[in-house]
Amino acid sequence: LSRSLGHEFDQFLKTVLPSMGLDWRRHRRRQVRRRVAERLRELHLRSLEEYHLTLLKNPPEAERFRTLLGVTISRFYRDPDMWEFIKQTVLPSLAGLPRAVMFSAGCASGEEPYTLAMLWQHDGPERTKPVILAMDIDETVLRRAEAGVYEDGCLRLLPKDLRDTYFSRQGRLLQLDPAVQSLVQFYLGDFTVIGPPKGIHLAFCRNLAYTYFGREERGRITQTFHQAIQPGGWLVIGATEKPDLTEGFEVQHPCVYRRI
Ligand SMILES: C[S@@+](CC[C@H](N)C(=O)[O-])C[C@H]1O[C@@H](n2cnc3c(N)ncnc32)[C@H](O)[C@@H]1O
């Protein structure tokens, strides 16, 4: 089935994804096609038209479809140069606050919010209480995040001192320090529906909206961040991403924007 879905699959994506605010060209990967073919088999559906009708009639199935599209790969300390900037400029700017609210959209298996939590423990302002909220649409990755157990490959970019301080080896795997884990609160949700929480000081939206969403949806997301981030707060995007709408933000690093 998955092999026979070539051109037809592109047509399906072209019809369905724009109505979900997604850019269909970003999702033409073979892996997505294979996952959708598998889902068709599970639902005993014989064509993509039948599947499309099911998506329209059945919101939970549409939600499920979103998770089939997802790339959930992440790394601790992904884009090291950006994390250095966070350490040297962003975290010190939060000193003086009684509480700093930080947020990771599309947090995958926790690599991004846990990197932030580790940096906070190691170098963050001492008198400020960190509140780190992290969300994802995919329950499976959130379960992994809550377990806090990783393979070496995920930690390749992490500086050795952080790795030695905050991980303990358990055979082939590495367990994150529970004190770091306790700084992050994970929750399940669709970011396009619930958006970011209000009153945040530092938001991460990397390798999600500005890679996979359509132009209009990206603009809308930037606006919701503009409303949710405190004046002087920060928005961090992926190293290869470019939000086209930066009004109300000032570029401080190629992937770090400050809310004016
Ligand atoms: C490529 S990973 C990025 C992980 C991390 N932010 C990073 O840059 O390393 C994208 C994540 O976004 C999640 N995702 C996709 N669509 C989403 C949505 N509508 N709401 C919330 N999370 C979503 C996926 O499940 C996946 O875990």
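Structure: see above.
Since we're looking at a predicted model, the values are computed, not measured.

Colleague: Which residues make up the side chain of S109, and what values do they have?
Modeller: Residue placement: S109 occurs in the loop between β1 (99-105) and α6 (111-123). Of the residues examined, S109 reaches a relative accessible area of 4% and is grouped as buried. Within the structure, the side chain of S109 is placed 3.3 Å from the side chain of R144, a separation counted as a polar contact. Excluding residues within four positions of it along the chain, S109 makes contact with V141, R144, A145 and Y150.

Colleague: Could you give me a rundown of the pattern of salt bridges, with the residues and numbers involved?
Modeller: Scanning the model with the defined rule gives 17 salt bridges in all. Linking R64 and E42 is a salt bridge whose minimum nitrogen-to-oxygen distance equals 3.8 Å. With R64 in helix α4 (residues 59-69) and E42 in helix α2 (residues 30-42), this pair connects stretches of sequence that are 22 residues apart. R64 gets classed as partly exposed once you look at its relative accessible area, which sits at 37%. Since its relative accessible area comes to 44%, E42 is described here as partly exposed. The salt bridge involving R206 is made with E112; its shortest N-O contact spans 2.8 Å. Note that R206 is positioned in the loop between β7 (200-205) and α11 (209-212) and E112 in helix α6, a separation of 94 residues in sequence. By sharing partners, the salt bridges in this structure join R39, E42, E61 and R64 into a single network.

Colleague: Can you tell me about the site of the ligand, naming the residues and giving the values?
Modeller: Looking at the ligand, there are 19 residues lining it, with S74, R78, D136, F191 and N207 nearest. Side-chain polar atom of E112 to a nitrogen atom of the ligand: 3.1 Å apart, as the coordinates give it. Note that an oxygen atom of the ligand is positioned 2.7 Å from one of the side-chain N or O atoms of N207. Taken together, the residues of the shell around the ligand sort by class into seven nonpolar, five polar and seven charged.

Colleague: Talk me through the packing of α2 against α4; I want residue IDs and the actual numbers.
Modeller: Here α2 crosses α4 at 145°, and the two axes come no closer than 9 Å. Where α2 crosses over α4, the two elements pack in a sense that is right-handed. Between α2 and α4, the residues in contact are V32, R35, V36, R39 and E42 and E61, R64, F65, T67, L68 and L69, respectively. Partitioning the contact of α2 with α4 into residue classes produces five nonpolar, one polar and five charged.

Colleague: Which residues make up the environment of V184, and what are the values?
Modeller: Summarising the element assignment, V184 is placed in strand β6 (residues 184-188). In contact with V184, not counting residues within four places along its chain, are P113, Y114, A117, I132 and A134.

Colleague: Got a sec to walk through the sheet that holds strand β10 (residues 256-259)? Specific residues and values, please.
Modeller: Taken in spatial order, the seven strands make up an open sheet running β6-β2-β1-β7-β8-β10-β9, and their pairing is mixed. Each end of this open sheet is capped by a strand with a single partner; those strands are β6 and β9 (249-253). Across the sheet, the mean angle from the axis of one strand to that of its neighbour is 20°, orientation sign disregarded. As defined by bridge partners, β1 adjoins β7 across three bridges and the pair is classed as parallel. Bridging across to β7, F103 finds its partner in A203. Strand contacts of α6: β1, β2 (129-136), β6 and β7, with the helix running at about 155° to β1, the strand carrying the most contacts. Helix-sheet contacts for helix α7 (residues 139-147) involve β2 and β6, and the interaxial angle to β6 is about 160°.

What counts and how
- Residues numbered from 1 in each chain as written.
- Predicted model: local features only at pLDDT ≥ 70, side-chain atom pairs only at ≥ 80, totals over all residues.
- Heavy atoms only, no water.
- Helix = DSSP H or I, 4+ residues; strand = E, 2+ residues; numbered from the N terminus.
- Buried < 20%, exposed > 50% of the residue type's maximum accessible area, 1.4 Å probe, protein only.
- Polar contact = N/O pair within 3.5 Å; in protein donor to acceptor, adjacent residues only side chain to side chain.
- Contact = heavy atoms within 4.5 Å.
- Salt bridge = Lys/Arg side-chain N within 4 Å of Asp/Glu carboxyl O.
- Near = heavy atom within 4 Å.
- Nonpolar A, V, L, I, M, F, W, Y, C, P; charged D, E, K, R; others polar.
- Axes fitted to C-alpha atoms, helices over the stretch in contact; angles between N-to-C directions.
- Left-handed = near helix turned anticlockwise from the far one by under 90°.
- Pairing = 2+ DSSP bridges.

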